[in-house]
Structure formats: C-alpha cells, structure tokens
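Residue-level structure breakdown
The lines below spell out each chain.
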Protein chains: 2
Amino acid sequence: MKPVKVGICGLGTVGGGTFNVLATNAQNIARRAGREIIVEQVAARSLNPACDTSNTKVTDDVFAVATNPDVDVIVELIGGYDVAKKLVLTAIENGKHVVTANKALIAVHGDEIFAAAEAKGVSVMYEAAVAGGIPIIKAIREGLAANRINWLAGIINGTGNFILTEMRDKGRDFYDVLKEAQELGYAEADPTFDVEGIDAAHKLTILSSIAYGIPLQFERCYTEGISKITREDVEFAEELGYRIKHLGVSRQTEKGIDLRVHPTLIPEARPIAKVDGVLNAVMVNGNAVGNTLYVGAGAGAGPTASAVVADLVDLARTMDADASVRVNHLAFDKIEDVQVLPIEEVETAYYLRIQVQDKAGVLASVATILSERGINIEAIIQKEPKEGEELAQIILLTHRIQEKNMNAAIAAIEGLDSTVGSVTRIRVEQLA
Amino acid sequence: MKPVKVGICGLGTVGGGTFNVLATNAQNIARRAGREIIVEQVAARSLNPACDTSNTKVTDDVFAVATNPDVDVIVELIGGYDVAKKLVLTAIENGKHVVTANKALIAVHGDEIFAAAEAKGVSVMYEAAVAGGIPIIKAIREGLAANRINWLAGIINGTGNFILTEMRDKGRDFYDVLKEAQELGYAEADPTFDVEGIDAAHKLTILSSIAYGIPLQFERCYTEGISKITREDVEFAEELGYRIKHLGVSRQTEKGIDLRVHPTLIPEARPIAKVDGVLNAVMVNGNAVGNTLYVGAGAGAGPTASAVVADLVDLARTMDADASVRVNHLAFDKIEDVQVLPIEEVETAYYLRIQVQDKAGVLASVATILSERGINIEAIIQKEPKEGEELAQIILLTHRIQEKNMNAAIAAIEGLDSTVGSVTRIRVEQLA
C-alpha cells in the first residue's frame, strides 16, 4: 500500500517527539500499520535541534501544510485556540484527516470541528489530548464500548500531582513545591492552567463526552484548584487512611451528570492512590466491567508522541475506507444532551477541618448542625491545641450528601461563636 | 445499517453474561456501534437461569450456529481445545467472524486459526482471552502501536493473586487459602491450571506475540507456580520493601525474548503492587511511552462479557469493509520469528532464602560463592535462630544476573556443610 503522508505543524516538545518516534520506530510502525507513515512536510517557526530535518521539507507556514495536496494527514501540535482552530478547519476543508494533542481546542471547539470533519468524511483524532501516552480515549471509546459508564475519575494533570506528591512525601508547602516545579519545567511561569484545574477540566470534559455520549461542555465543568491545600490537610488525610489527589470526577446519575475538578481525598488502599509524581491515571467504572484503571505518563515528548502516532496508525488502516469504519468522534453515533448538574446538586462525601476555641460543648454544636441537615459523621479526629496555642482542630469525614446541604452546614458552623476562620472543605471519593 | 446477528456458543458464566450485557446495554451499544447487535441464536447444553432466552432461538448443537446462514459472528464460549477449535474453524469456513474468550485455544492453536481466518477474509477477536474486562489486547495492538515494546509484566491469574493477597494480609498458608478459594468458586477443583501458572502462560504467550510480532509459542513459556511460596517468604519480602506476586514477564532483549511465569518480588511502591485479590493488572513498557499500567477484573461474567461485546462493536463497525481496515490478528502485518530464550539464559534479580547452621563464617562462605560468580548482593537480612531452634536464616537480594550463573551459585551454596535443605529462590523484578 502507498505510504501515509503526514504534515507535522509545530516542532516543539511534542512535535519533535512525534517526528523522532516516526523515524526511530519506522520499521515497527510499518509492520503494524501495513504501510509506511512518512513525514511529508513540517511547519515550524524554528527548527528543533533534537530533530534531524535535513531530508524533510520545512516551512514556517502551517497553512501551507494544511493545503498541501501531497499531505494526507496533518498533525496539529501548535497549541492554543485561534490559529489552531483555523488550521484544523482549513485542513478538514482540504479533505485531510487531523491528529491533534490540543485538549483546549477539542474541549472548547470540538463540537464545531467534529461537525466540519463529518461533513467532509474525514476524522479528527485526539488520543494525545488526554493523559498523554495512556490510551484512555481508545479504552473508553472502544475498549469499554459494551458498558454504560457509571463514573470516571482521573489524575489528569501531572504538575498538580507532582506538587501534591512532594507535599505529602516531604512535608513541603504548596508554594515551595510550585517554585521547584517551575524550575524543573513541570509547571509554566503562569501556573494557573495546571494548579487551578483548567487543564484538567479540558481533559475531563473530553472524557465525559466519550463516556456518556454528551456534547462537549467545558463551560459547565466545576473547577477548583489545589493552591489552598495545606500540609496539615495532607497529614490529617493520611491519619484517616486517605491521600489527597487533584481529581477530575464525572458521574452519570439519574438527575444528570457530575463534571468537576477539585482536590479529593481517596482511600490509600486504591492502586490509584499510589500514582505519584507527574504520572497520570484514570479510573473508569462500567456497569459490566466494574472498575478499571489506566496509568502512565501524562505529558512529555515520548508519551505524547506515542498517542499521536497511535492515531496515525489507526488512520493508516482505515483512511482509504468509508468513514463509517472509523470510531465516532465522541464515541456515540447519536449524542444526547443530558443535564450537567450544578455543583450545588452534586452528591459527595466531605472532609472538614474546623478551627475552634478549645472549650466545652464545641464538638456537640458542630455535630448538632450536621445531624440537623441529615449529614452523618463517618470519622472524627479532635486535636488538642498545640503547646502555647489556644485553638483546637476538629477534623471530620462525612457520608455522601448534596453539596447545597453541606454549604448550609458549613455556613452554620462558621456562624458559631466558637469557630475561628473558615471551615476547610475537601471532597471525598471512595472510588469503590 | 442492518443489525449484526450474533450466535452465542456456550451459555455458562461468560456466555450468559454476554447474552445479558447485549440485552441490558442494547441501547448504548447501538448508539456506539451505529447499528444494533442482536443475538440470532444460542447454542447451549442447558439453559442458564440468569438469561431470559424465551424470545431467542436455542439449539444444543454449536455447529448448527457455525453453519447458520443468518449468523454473521459466532461467539465461542465453550472453552477447551478440540470442539472449540473445530467450531471456530467451521465458522471461519462458513465466512463468519469469530469472537472468543478462549486463551488456551488462541495460545496453542492461534497461528493455525488466524491463517484460516485470513484466507477467508474474516477476523477472530480475542480481547476477552487475556485479563478479562481490561482492554489490554486493544491497548497493545492499537494504543501502543507507535512503540517498540521493551517489556511487559502482568498479574494475569486472579486465583493466584487472591491466594497471595490472603497469605500476605492475613498471614495464612497457601493450602489453607487455596481451599477457601475453591469453596468461593475462585479456584477449580483441580487448581493446577491456575496455581501452577499454565493459565497465566497462555495469556502471556498471547501478550508477547502482539507486543513483539512473534508467532504464538506457548510451549516455550517457562512456568513456575506459587504452591511453594511460604508465609515466611511473604514476610521477608515485606521486610525488604517488596510484595510477592505471580507475574507473567516478557522482555525483548538483543539475545531474544524472555517468556516466563513465576512468583516474583516487586517493589511495594509500584501501583501494581497494590493490585490485590482477584484483580488483574498488566504493565507495558514502550520505548516512546515509558511505563503504562492497566488494572481491572480478570474474570467473571460482566467483565469478560464487556471484552466480548467490545470485540462485537469493533466488528459491527468494520465487518462490511475490506479486511485490511481491521487490526492484524497478532498486531503485526509480518510476524518475525525471534528466539525465545531458555530460562537459563534469562537475566533477572533474585531473592534467596538460605537455612544455615548458626556458626561463624557461614555468611562469608555464601558471599564468596556469589562474588566468585559475579553476583552482587543488593540487600541482606540475617535472622538469629528462633528460641529453641538451631537454624538461622540468611535472606539475600541480588543484582541482575543470568539464571545459569545463579543455578551454579545455588548448587554451590547447597553443597556447603553449613547449608540445611534447599535454597529458596524467587525472582525479583523492579518494573522501573
């Protein structure tokens, strides 16, 4: 069969990685795909010293690749929204398939892009957009196709996981570790996307669409970062048998769908609790299969290139056939619009840390507030004030309850004379 | 599109599960596949009370299904070798696709069956044959297609993992737990297949073929069971920071391919070390992606049905197109015959437990024997004799070394006057 001719747009970390994996593993890839996959053209603002492009056509104009009649598939690795979107739509308009690692683009503009691709009979592949080298898109779109997916939960931002791991393992503070992560290149100079959960929300939006067959709706994802997590909370969680992870959680309930990114206590006995450092992991629960877990590198040249090239191999096998042999963009032939629940409607369990004046009856007042709102206490730790201090700490784990009830309870607890400052609230998921 | 018509052969645990998943999740499955998947006929020696077959054609003759012109795909769930092989070949001869959960059949007769299927332009799908509901075949054949796979290692027998987990968690003995596993239905009356590693060897044979593009060669798989693992070894491993798991390990080296199932010490810090009970898990290391890990239920009606039906959905999408759009049976377009190394040539690290008389110079003699054979000691524990006993124990962890050198060292240690009985040897893998 004729080789597949690829145009790589963007030759940074991931673009360079893709270029090199296609070269290094060319023989294996051709043996698997049944045909060669060759780089016809590269668009880059500057060359990547890690790549030997001496025998490759190089341009600085990504649109020259998108309109190049010799290119079968463009690989969009420039990132961002505007140019990337125009590039992808131009490539589609020119009848080319697209492979992208751009989670923001898919989460925000995916519905429009997929519609354009379907009208042209081409495919937009995005395995690399979520959890790097872990083939999680394929697992959910294809591997678990027999299931009604009940829920999924993932550690889908390596920077955040690195920070939380260091906080726990070495007793360090958030801002101290963040600074190191920036020096190591794990975190951007502006870390908002990573530590405030926006990057994870992009990925969770994509995962939930392919799990339930709903439109992409990033704007409805509840997002809470990890910058307020303290060493104390990490230690109390540990004492209770839990780890704190920054999770994206999505659940299909009778009332609608949860879509939320926030710090979460998870039981330390779960294998996912051991997923440390920059690793990513996704748990998926299906009504036939039960729990499954997928772990691997969530970023980096090699892992992301692994996902990009897997998409190219899938295309190599199917691009000459009717589009119907390829998997639906969002996994489902027909997308159904199901309500995404506002966070107030979501049901979860909670960890609460309450600073109180050390006097009689305080615990009773807190317990009464909770019990009056139907909130059961699952575990409790009360710590004496430290030597020379006056404030005690009450740490509680509750049963599952709707968030709006918890909001009311927290407001009432904060209204007690004995309570000092705000109540710390971290959600808890058993992942059982 | 026209529905896909399925003939289910065998209505036991997995057959019944498949029948029920297709019914319960029919709507979801059709939304994903873009067409309905319906059960046209069932062959069963006796009906399964868990299945409502009142509206289904039922026969007691599996060959009637394999030759039924209204059936597009047969699902072989009768197990065993002879009848299953004849059934699958008959279905292929009649132009039908096949989905099977039969690991023994694929590991032993796969090459012949795949050749017959390719000659007819049909596919034999076997996701359910390895690690139940975990989509590991898809992950390796497709998700990691960009990679040269360096190694893989899996907990791929749930019975064995249940036994080892109970031994560790509750300090129980092997035969005590085995008896319970048999009562719970986790282990067969004849547990040989599970506890001696034959079942795991079938699965490892399949995984290594699709990882490296080599023929299936079950007969060359080294197999060692877990029946000789003692509570003591479990405890010493723990003391050294390891867990004992029954692993299938396969590694691609310059000299050839490792293919081996044996009890293995793995570092407790790895997420796979936390995979307990009847769960399965597979780690795969690729040269682009690094380490990836897949965890889930390795057996049972729902999980296995999940894998069977995922194969049916893949077929539903691709069966009307040219065979080239479907993935190669053993992942590679061209299979290359690479030598499987005899166990003596394999390189691994070792845990040794040596019972010795408690006298001066014993440790020095052991250390000398190892050092003369180029074997470095990584860690050591020496235990005093228990109160009232005369024998001491030396526990060693070594660096990686070829098995034949270790065999020679063990023979020499066993030849020392101070050594009592045989040396216990368990292989160690870092999975790093």
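Residues numbered from 1 in each chain as written. Chains lettered and ligands numbered in written order. Predicted model: local features only at pLDDT ≥ 70, side-chain atom pairs only at ≥ 80, totals over all residues. Heavy atoms only, no water.

1. Points about the overall build of chain A
As a reminder of what qualifies: Counting from the N terminus, the helices are DSSP H or I runs at least four residues long and the strands are E runs at least two residues long. For a compact globule the rule gives 2.2 Å times the number of residues to the power 0.38, and the radius of gyration it is set against comes from C-alpha atoms. Under the scheme applied here, a residue whose accessible area is under 20% of the maximum for its type counts as buried, over 50% as exposed, and between as partly exposed, the area being computed with a 1.4 Å probe on protein chains only. Residue contacts are counted whenever heavy atoms from the two residues lie within 4.5 Å of one another. Here, Shrake-Rupley sampling with a 1.4 Å probe gives the accessible areas, and only protein chains in the shown set may cover a residue. Positive: Lys, Arg. Negative: Asp, Glu. His and the chain ends are not part of the count. All charge positions are set by atom: Lys at NZ, Arg at CZ, Asp at CG, Glu at CD.
Along its length, chain A carries 14 helices and 17 strands. Over its C-alpha trace chain A gives a radius of gyration of 24 Å, about what one expects of a compact globule, namely 22 Å for 432 residues. Considering only C-alpha atoms, chain A reaches an extent of 80 × 45 × 35 Å along its principal axes. Relative to its full complement of 432 residues, chain A shows a buried share of 59%. Taking as baseline every contact in chain A between residues at least 6 positions apart, the subset at least 24 positions apart corresponds to 73%. Working note: accessible area of chain A is about 16,000 Å², and carbon and sulfur atoms make up 47% of it. If the 42 positive side-chain charges of chain A are averaged to one point and the 58 negative ones to another, these points end up 4 Å apart.

2. Brief notes about the UniProt feature "binding site: NADPH" (unreviewed entry) in chain A
Using the following cut-off: UniProt positions are given in the numbering used here, feature names are shortened, and annotations may be inferred rather than shown by experiment.
Those residues carrying the UniProt feature "binding site: NADPH" (unreviewed entry) are A:K103 in this numbering. Tracing the backbone shows A:K103 in helix α5 (residues 103–120).

3. A few points about the relation of the copies chain B and chain A
The two chain copies are related to each other by a rotation about an axis together with a translation along it. Convention followed: Only residues with pLDDT of at least 70 in both copies count here: their C-alpha atoms drive the least-squares fit that superposes the copies.
With an RMSD of 0.0 Å, chain B superimposes on chain A once it is rotated by 180° and translated 0.0 Å along the axis. A rotation of that kind, with that shift, is consistent with a two-fold axis. Interface overlap between copies: 100% of the residues of chain B at the interface are likewise at the interface in chain A, consistent with a symmetric, same-surface contact.

4. What about helix α4 (residues 82–93) of chain A?
All names here are of chain A. Formally: For a helix, the expected span equals 1.5 Å multiplied by the residue count minus one.
For α4, spanning twelve residues, the distance from its first C-alpha to its last is 16 Å, which sits close to the expected 16 Å at 1.5 Å a residue. The set of residues buried in α4 consists of A84, K85, L87, V88, T90, A91 and I92. Those residues of α4 hidden inside the fold are in contact with β1 (4–9), α3 (62–66), β4 (73–76), β5 (97–100), α5 and β6 (124–125). Positive phi shows up at G95, right after α4, with a value of about 75°.

5. Observations regarding the packing of aromatic side chains
Any pair of aromatic rings gets described here by the distance separating the centres and the angle formed by the planes. Spelled out, the test is: Each Phe, Tyr or Trp ring (for Trp, its six-membered ring) is paired with any other whose centre lies within 6.5 Å, and the angle between the two planes then decides the class: stacked below 30 degrees, edge-to-face above 60, tilted in between. Charge-over-ring placement is defined geometrically: NZ (Lys) or CZ (Arg) within 6 Å of the ring centre, and within 35 degrees of the ring normal.
Inspection of the entire model under this criterion finds seven aromatic pairs over all chains. For the pair A:F174 and A:Y175, a centre-to-centre distance of 4.8 Å together with 90° between the ring planes defines the contact as edge-to-face. A:F174 sits in the buried class, given a relative accessible area of 4%. When its relative accessible area of 57% is taken as the criterion, A:Y175 is described as exposed. Residues A:Y294 and B:Y294 carry aromatic rings whose centres are separated by 6.3 Å and whose planes lie at 80° to one another, so their mutual orientation is edge-to-face. One end of the pair, A:Y294, is in strand β12 (residues 290–297); the other, B:Y294, is in strand β12 (residues 290–297), on a second chain. Residue A:Y294 is classed as buried on the basis of its relative accessible area of 1%. The ring of A:F63 is capped by A:K86, whose NZ or CZ atom sits 4.9 Å from the centre of that ring.

6. Some words on the interface of chain B and chain A
To keep it simple, the criterion reads: Buried area: the accessible surface (1.4 Å probe) lost by two parts on joining, summed over both. Salt bridge, as used here, is a side-chain nitrogen of Lys or Arg placed within 4 Å of a carboxyl oxygen of Asp or Glu. Polar contacts, as counted here, are pairs of nitrogen or oxygen atoms within 3.5 Å of one another; within protein the pair requires one atom able to donate a hydrogen and one able to accept it, and residues that are adjacent in sequence qualify only if both atoms are side-chain atoms.
With 62 residues of chain B at the interface, the matching set in chain A holds 62 residues. Roughly 4,800 Å² of surface becomes buried between chain B and chain A when both sides are summed, with 53% attributable to carbon and sulfur atoms. At the junction of chain B with chain A, the criterion picks out four salt bridges. Here B:E336 ties to A:R31 by a salt bridge, and the two come within 3.5 Å at their closest N and O atoms. Remark: the boundary between chain B and chain A carries 26 residue pairs in polar contact (both at pLDDT 80 or more). Only α1 (13–24), α2 (26–33), α6 (136–143), α10 (198–212), β12 and α12 (301–318) of chain B provide two or more residues apiece to the side of chain B that touches chain A.

7. Focus: the environment of B:G79
Residue and element names in this part refer to chain B. Summarising the element assignment, G79 is placed in the loop between β4 (73–76) and α4 (82–93). Among the residues examined, G79 registers a relative accessible area of 31% and is labelled partly exposed. Distance in space between the C-alpha atoms of G79 and A104 is 8.1 Å, their sequence separation being 25 residues. Residues within four places of G79 in sequence aside, it is in contact with A84 and N102.

8. Quick word on the UniProt feature "active site" (unreviewed entry) in chain A
All names here are of chain A. The positions UniProt marks with the feature "active site" (unreviewed entry) are K203. For K203, a relative accessible area of 5% corresponds to the buried category. Here I156 takes part through its backbone oxygen, which lies 2.7 Å from a polar atom of the side chain of K203.

9. Examining unusual backbone geometry
Even without being glycine, A:A131 reaches a positive phi, approximately 60°. Here A:A131 is to be found in the loop between β6 and α6 (136–143). Taking relative accessible area as the criterion, A:A131 reaches 0% and is therefore assigned buried. A positive phi is found at B:A331, a non-glycine position, where the angle reads about 75°. Residue B:A331 is classed as buried on the basis of its relative accessible area of 1%.

10. Quick look at the sheet that holds strand β2 (residues 37–43) of chain A
All names here are of chain A. Rules: Pairing between strands is defined by DSSP: at least two bridges between the two strands are required.
The six strands lie next to each other as β3-β2-β1-β4-β5-β6, forming an open sheet whose pairing is parallel. Lying at the two open borders of the sheet, with one neighbouring strand each, are β3 (57–59) and β6. Of the pairings in the sheet, the one linking β2 to β3 comprises three bridges and is parallel in character. Bridged to V42 within β3 is V58.

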